[in-house]
There are 2 protein chains.
Amino acid sequence: MASHDSGKPHDHSDGTHNDGNGNGKHTGDAGRALPPGRGAATRALVLETALASFRDQGYERTTMRGIAKAAGVSLGNAYYYFDSKEHLVQEFYAAIQAGHRQRAAEALRSPDLADRLRRVIHAGIDEMTPYHSFAGSFIKVAIPPTAAASPFSRESAAARDTAVGLFRDALEGPAGPSGTARPTAPGGPLAPDLPELLWLAYLGITLFWVYDPSPGQARTRQLVDSAAPLTARSIALTRIPLLRSVADDLHTLVSELRLKGSRR
Amino acid sequence: MASHDSGKPHDHSDGTHNDGNGNGKHTGDAGRALPPGRGAATRALVLETALASFRDQGYERTTMRGIAKAAGVSLGNAYYYFDSKEHLVQEFYAAIQAGHRQRAAEALRSPDLADRLRRVIHAGIDEMTPYHSFAGSFIKVAIPPTAAASPFSRESAAARDTAVGLFRDALEGPAGPSGTARPTAPGGPLAPDLPELLWLAYLGITLFWVYDPSPGQARTRQLVDSAAPLTARSIALTRIPLLRSVADDLHTLVSELRLKGSRR
DNA sequence: CAGGAGAGTTGAACACGTTCAACTTCGGGG
DNA sequence: CCCCGAAGTTGAACGTGTTCAACTCTCCTG
């Protein structure tokens, strides 16, 4: 059932890809509310209400009826903009990831690869920390491979690309004075795959974090501190046959998973 | 709410641990139906019906009302024996794990550690394979750390111990002719933790399997074939400082996770 | 044999996520 | 000025997991 993907609100122009502007997330605040879609304000209102509810009630206790009521719209209206509660969670992830990107900006300027990795990952954990108590319920929505909120889903493609790009930047390091070549770009036979592999490892760390019962998730922090320099060192050693073959296996795997993700 | 854990059916003797017989899972078939608890037959009936429904409809499409109807009992009666749909899934996991244990028996007789590991893990995948298409929804129930069906939950303690024991057996290898010392028991500084670590790795492989889109999950099979000998080799190398420190980190982590699991 | 305590069982009822046919609003063409 | 179609909006209704007060049955006690 429901094999056709809808994308309800702005779905004019049947077959085309809707590249132009269509996806007007939210207008500035509440100023001009006409050209970018009259319902954009409503959409933004519902979304903000939902995110706030997620923030201080968690996933389970957040109710579609509650969101609608708090936003002052009808239940059905919330569903007009978001196909499901799960899609709301997807937006939640997107928001977190935008925050991650922002927090990580400074870390990317470090000259040392291990340091960049370490700080980028810590930045992600910083961003997620307020939600740790709800993480268990949130991850439930993201885990099923067929879920829209899955990191591998087609719906998450944009967020995924941004996240992978973040690790690409971390690998490449800061650009020198204008025109200078990057000093620390790591080479190696599987360099093109590294951003995605690091992102995958980051997902693993996130899973670890979800289960981490230590106060303030200190153990996750420690894991990051240990793993970052080790990873940086390993990257320099990908020429060694043993590591090389493991990396090749991982590469093939990631390719297949990517295939799966783009299908749905 | 509902902070008190019930364990409804056979809950006589308030404070004691209920060690004697209490947990009569199912009587033989339908013969004598008196001493082991009059409702044991009903419980078994509901459970079997539920497992069958899981098997050929998956988790989502299986309905508590559907189970009750198919079993010929009322909805509330099903809830009398199983606190929630999730607890039914937990029994499902237990059943799979029992099947795993059985399938793995032969593999444990191999004299080579890598071979034992490989075959034990393959046996587990064999057991799960019929459910791969539903695995996404099943794992959703097991992922939240607070879930009863979580591998780390107190409710899963028995199943967890059995699974860890399976890997302990795989590590120790077959006993020689009666009275002979085991030939291949691996030593090393963190030997006591190895069973649990292997079980943890097995969970990771299971997660991989859930996401594996390759036909027949061939890639998971290949991963197992690659990882098993590599793991066996690594176990012999735990004296090397680098691996040793990683192992120590993992040890502390596992200890903390175990704490978390026993709380709830 | 009467009584009763507890296991076993029932179906109504609740809150939730989701769907849907109908209604309202709005902008532009006749 | 009216009207039309699309965007936006509404609340009822469906099926779900779960809870609960009440009922029946069984067996033991007196």
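Residues numbered from 1 in each chain as written. Chains lettered and ligands numbered in written order. Predicted model: local features only at pLDDT ≥ 70, side-chain atom pairs only at ≥ 80, totals over all residues.

Moving on, we get to the overall build of chain A. Helix and strand counts for chain A come out as ten helices and zero strands. Looking at the 264 residues of chain A, the share that counts as buried comes to 29%. A fraction of 61% describes how many contacts in chain A between residues 6 or more apart in sequence connect residues 24 or more apart. (Helix = DSSP H or I, 4+ residues; strand = E, 2+ residues; numbered from the N terminus. Buried ≥ 20, exposed ≤ 12 C-beta atoms within 10 Å, placed from the backbone. Contact = placed C-beta atoms within 7 Å.)

Attention now goes to the environment of B:G76. Locating B:G76 in the fold gives a position in helix α3 (residues 75-81). It is 12 Å that separates the C-alpha atoms of B:G76 and B:V46, two residues lying 30 residues apart in sequence.

We now examine the nonpolar core. Core analysis: the largest hydrophobic core is formed by 43 residues, its most contacted members being A:V46 and B:V46. In this structure, B:V46 is in contact with B:I67, B:A71, B:V73, B:A78, B:Y81 and B:F82, ignoring residues within four places of it in sequence. (Core = buried A, V, L, I, M, F, W, Y, C linked by C-beta atoms within 7 Å.)

Turning our eyes to something else, we now look at the domain arrangement of chain A. All names here are of chain A. In terms of domains, chain A is made up of domain 1 (35-82) and domain 2 (84-263). Looking at which element gives the most residues to the side of domain 1 that touches domain 2, the answer is helix α1 (residues 40-61), with eight residues. The class makeup of the residues in the side of domain 1 that touches domain 2 is seven nonpolar, one polar and two charged. (Domains from an automatic or database assignment. Nonpolar A, V, L, I, M, F, W, Y, C, P; charged D, E, K, R; others polar.)

Residues that lie three or four places apart on an α-helix share one face, since the helix turns once every 3.6 residues. All names here are of chain A. The terminal C-alpha atoms of helix α7 (residues 157-172) lie 22 Å apart, and with 16 residues this matches the ideal 22 Å at 1.5 Å per residue to within 8%. Among the residues of α7, A159, R160, A163, L166, F167, A170 and L171 are the ones counted as buried. Around the axis of α7, the buried residues are gathered within 140° of arc, so they sit on the same side. Counted as exposed and oriented over 90 degrees from the buried face of α7: A157, A158 and D161. (Expected span 1.5 Å × (residues − 1). Arc of directions from axis to C-beta.)

Positive phi, close to 50°, is recorded for A:Q217, a residue that is not glycine. Topologically, A:Q217 is positioned in the loop between α8 (194-211) and α9 (218-235).

Moving on to α1(A). Residues and elements named next belong to chain A. Counted at 1.5 Å a residue, the expected span for α1 with its 22 residues is 32 Å, but the 26 Å between its end C-alpha atoms falls short. Buried residues of α1: R43, A44, L45, V46, L47, T49, A50, F54 and Y59, and no others. Buried positions along α1 lie against α2 (64-71), α3 (75-81), α4 (85-104) and α6 (135-142).

Residues and elements named next belong to chain B. Running from N to C, helix α1 (residues 40-61) and helix α4 (residues 85-104) cross one another at 85°; their axes reach a closest spacing of 10 Å. What the angle tells us is that α1 and α4 run roughly perpendicular. Seen from α1, the contacting residues are L47, A50, L51, F54 and Y59; seen from α4, they are L88, V89, E91, F92 and A95. (Axes fitted to C-alpha atoms, helices over the stretch in contact; angles between N-to-C directions. Parallel < 35°, antiparallel > 145°, perpendicular 65-115°, else oblique.)

Before going further, it helps to spend a moment on the environment of A:R221. Residue and element names in this part refer to chain A. Within the secondary structure, R221 is located in helix α9. We classify R221 as partly exposed; it has 18 C-beta atoms within 10 Å. On a C-alpha basis, the gap between R221 and R118 in space is 9.3 Å, while along the polypeptide they are 103 residues apart.

Another aspect to go through is the packing of α4(A) against α7(A). Any two packed helices are characterised by how steeply their axes cross, that is the angle between the axes, and by the distance between the axes. Residue and element names in this part refer to chain A. Taken N-terminus to C-terminus, the directions of α4 and α7 make an angle of 20°; their axes are 10 Å apart at the nearest point. By the angle between their directions, the pair α4 and α7 is classed as roughly parallel. Every pair of crossing elements has a handedness; the one defined by α4 and α7 is left-handed. Side by side, α4 and α7 meet where Y93, A94, Q97, R101 and A104 of the first sit next to A159, T162, A163 and L166 of the second. Partitioned by chemical class, the residues of the contact of α4 with α7 number six nonpolar, two polar and one charged. (Left-handed = near helix turned anticlockwise from the far one by under 90°.)

Moving on, we get to the environment of A:S150. For A:S150, the location among the structural elements is in the loop between α6 and α7. Excluding its chain neighbours within four sequence positions, the residues that come into contact with A:S150 are A:A142, A:P144, A:P145 and A:S156.

Now for the confidence of the model for chain A. Residues and elements named next belong to chain A. Here chain A shows a mean pLDDT of 81. Residues at 70 or above account for 72%. In the predicted structure, residues 1-8 sits below a pLDDT of 50 and forms three contacts with residues beyond four places in sequence or in another chain. Long-range and interchain partners of residues 10-34, a stretch whose pLDDT sits below 50, account for 20 contacts in this model, where long-range means more than four residues apart. (pLDDT = per-residue confidence, 0-100.)

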